[in-house]
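Coordinates in review
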Amino acid sequence: MNADNEVIISVKDLKKYYDDGEVKALDGVTTDIRKGEVVVVIGPSGSGKSTFLRSLNLLERPTGGTITFDGEDIMSPATDINKLRQKMGMVFQHFNLFPHLTVLRNMTIAPMKLHGLSKDEAEKKAMALLERVGLDDRAKAYPSQLSGGQKQRIAIVRALAMDPEVMLFDEPTSALDPEMVGEVLDVMKKLADAGMTMVCVTHEMGFAREVGTRVIFMDCGTIIEENTPEEIFGNPQNERLKSFLKKVL
Ligand SMILES: Nc1ncnc2c1ncn2[C@@H]1O[C@H](COP(=O)(O)OP(=O)(O)O)[C@@H](O)[C@H]1O
Ligand SMILES: [Mg+2]
């Protein structure tokens, strides 16, 4: 579907070992992420999904292999890691909003500090983003005054305020009460529809099927199967994928 689009992130033979190689969290992962793709990563707990995602912006230092972002080797000592991270918005399971700052301040602090926006510019941008997710009326609230779903929607637009090229999501709805999952997935779907390049670790198979352009199934630190959602869910090949799908569908 996006096969002709330009590659943003290229991962080759990525390895991450812990405990002197006893734990192989990633054991040779190779894949390309192309512009506009919504790559959904699925797999059992402990299969290396988070390690894979966290390696992409060097929250984990890989043991081996290469990652290039926009053609640049991100493991090279010459790479400015902070600049790199600004190009990749990341949303985790647990909303990492600053508890002592209002929603608006949470959203303006990085664009002002790192992108040199004036307070006015940053606030204008933040308000427009909040409006996009229906939370402009909560700009002056503190995180403790928001529901989990609201906090996660704020975490997403806070990342967007930095104009990232790619958004990385690590189980963004796993910590939410069930009735709040939909509102967060809706925001992610809108983002995908707007053309954002996304890599999402999630157990929401409906989202994977409906919004994903490609699904990667991981187990034991490797990619076991990757394909369109239609093929992964309708015509799975590997036995491990088949048994995983039986458990989660
Ligand atoms: N800091 C760490 N030290 C040792 N082992 C780790 C560490 N982080 C992750 N692991 C191990 O690496 C494997 C992959 O973990 P993870 O990427 O978190 O999997 P997933 O996100 O798919 O549940 C697991 O066996 C996990 O226990
Ligand atoms: Mg994980």
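Note that the coordinates shown come from a computational prediction; the quantities given were computed from them, not determined experimentally. (Residues numbered from 1 in each chain as written. Chains lettered and ligands numbered in written order. Predicted model: local features only at pLDDT ≥ 70, side-chain atom pairs only at ≥ 80, totals over all residues. Heavy atoms only, no water.)

With that out of the way, let us pick up the overall build of the protein. Along the backbone of the protein there are nine helices and 10 strands. Compactness check: the protein gives a C-alpha radius of gyration of 18 Å against a globular reference of 18 Å for 249 residues, within 12% of the reference. For the protein, the proportion of its 249 residues judged to be buried stands at 49%. Residue pairs at least 24 apart in sequence account for 66% of intrachain contacts in the protein once pairs closer than 6 positions are excluded. The positive charge centre, built from 31 side chains, and the negative charge centre, built from 37, are 3 Å apart in the protein. (Helix = DSSP H or I, 4+ residues; strand = E, 2+ residues; numbered from the N terminus. Rg over C-alpha atoms; globule rule 2.2 N^0.38 Å. Buried < 20%, exposed > 50% of the residue type's maximum accessible area, 1.4 Å probe, protein only. Contact = heavy atoms within 4.5 Å. Lys, Arg positive; Asp, Glu negative; His and termini not counted. Charge placed at Lys NZ, Arg CZ, Asp CG, Glu CD.)

This next bit is on the sheet that holds strand 2 (residues 23–34). Spatial ordering of the open sheet is given by 2-1-4-5, a layout of four strands whose pairing is antiparallel. Every other strand in the sheet has two partners, leaving strand 2 and strand 5 (72–73) as the edge strands with one partner each. Here strand 1 (residues 7–18) pairs with strand 2 via nine bridges, running antiparallel. Counted as the bridge partner of Ile9 is Ile33 from strand 2. The strands touched by helix 1 (residues 49–56) within the sheet are strand 1, strand 2 and strand 4 (64–69), with strand 1 carrying the most contacts at an inclination of about 125°. (Pairing = 2+ DSSP bridges. Axes fitted to C-alpha atoms, helices over the stretch in contact; angles between N-to-C directions.)

With the rule as written, the count across this model stands at one aromatic pair. For the cation-ring pair, Lys24 lies above Tyr17, with the distance from its terminal atom to the ring centre recorded as 5.2 Å. Across the ring face of Phe98, the terminal group of Arg158 is positioned such that the distance to the ring centre comes to 5.4 Å. (Phe/Tyr/Trp six-rings, centres within 6.5 Å; stacked < 30°, edge-to-face > 60°. Lys NZ or Arg CZ within 6 Å of the ring centre and 35° of its normal.)

This part is about helix 1. Working note: α-helix, 3.6 residues per turn, so residues spaced by three or four point in the same direction. The buried count for helix 1 comes to six of eight residues, which makes it a mostly enclosed element. Residues Lys49, Thr51, Phe52, Leu53, Ser55 and Leu56 constitute the buried set of helix 1.

Near ligand 1, the surroundings consist of Tyr18, Val23, Ala25, Pro44, Ser45, Gly46, Ser47, Gly48, Lys49, Ser50 and Thr51. The contact in question runs from an oxygen atom of ligand 1 to an N or O atom on the backbone of Gly46, over 2.7 Å. Residue Ser47 places a main-chain N or O atom 3.1 Å away from an oxygen atom belonging to ligand 1. Counting only elements with at least two residues in the shell around ligand 1, the list comes to strand 2 and helix 1. Among the elements that line the shell around ligand 1, the one with the most residues is helix 1, at three residues. (Near = heavy atom within 4 Å. Polar contact = N/O pair within 3.5 Å; in protein donor to acceptor, adjacent residues only side chain to side chain.)

A separate point is the pairing of strand 7 (residues 166–170). Counting buried positions along strand 7 yields five of five residues, so the element is predominantly enclosed. Of the two faces of strand 7, both are covered, the one formed by Val166, Leu168 and Asp170 as well as the one formed by Met167 and Phe169. Both strand 6 (residues 88–91) and strand 7 contribute to a ladder of four bridges, which runs parallel. Counterpart to Val91 in the pairing with strand 7 is Phe169. Looking at chain direction, strand 7 and strand 8 (residues 197–201) are connected through five bridges and run parallel.

What follows is about the nonpolar core. Counting residues in hydrophobic clusters, the biggest one holds 48 residues, and the most contacted among them are Ile42, Ile156, Met167, Phe169, Met188 and Met198. With eight residues, helix 6 (residues 178–193) is the largest single contributor of residues to this core. Setting aside anything within four residues of it in sequence, one finds Ile42 in contact with Lys49, Thr202, Met205, Val215, Ile216, Phe217, Met218, Ile232, Leu241, Phe244 and Leu245. Listed in part, the 26 residues of the second largest apolar core include Leu14, Leu53, Leu84 and Met88. (Core = buried A, V, L, I, M, F, W, Y, C linked by side-chain atoms within 4.5 Å.)

Moving on, we come to the packing of helix 5 (residues 148–160) against helix 6. Think of two packed helices as two axes; the pair is described by the angle between the axes and how far apart they sit. Packing of helix 5 against helix 6 leaves a shortest axis separation of 8 Å and a crossing angle of 20°. What the angle tells us is that helix 5 and helix 6 run roughly parallel. When the axes of helix 5 and helix 6 are compared, the crossing they make is right-handed. Counting all contacts with helix 5, which are made through Gly148, Gly149, Gln150, Gln152, Arg153, Ile156 and Leu160, the residues of helix 6 involved are Met180, Glu183, Val184, Val187, Met188 and Leu191. (Parallel < 35°, antiparallel > 145°, perpendicular 65-115°, else oblique. Left-handed = near helix turned anticlockwise from the far one by under 90°.)

Looking now at the sheet that holds strand 6. Taken in spatial order, the six strands line up as 6-7-8-3-9-10 in an open sheet, and their pairing is mixed. In the strand order of this sheet, the two ends are held by strand 6 and strand 10 (222–227), each with one partner. Here the strands of the sheet are splayed against their neighbours by 20° on average, with no regard to which way each runs. Sheet contacts for helix 5: strand 6 and strand 7; angle to strand 6, the most-contacted strand, approximately 170°.

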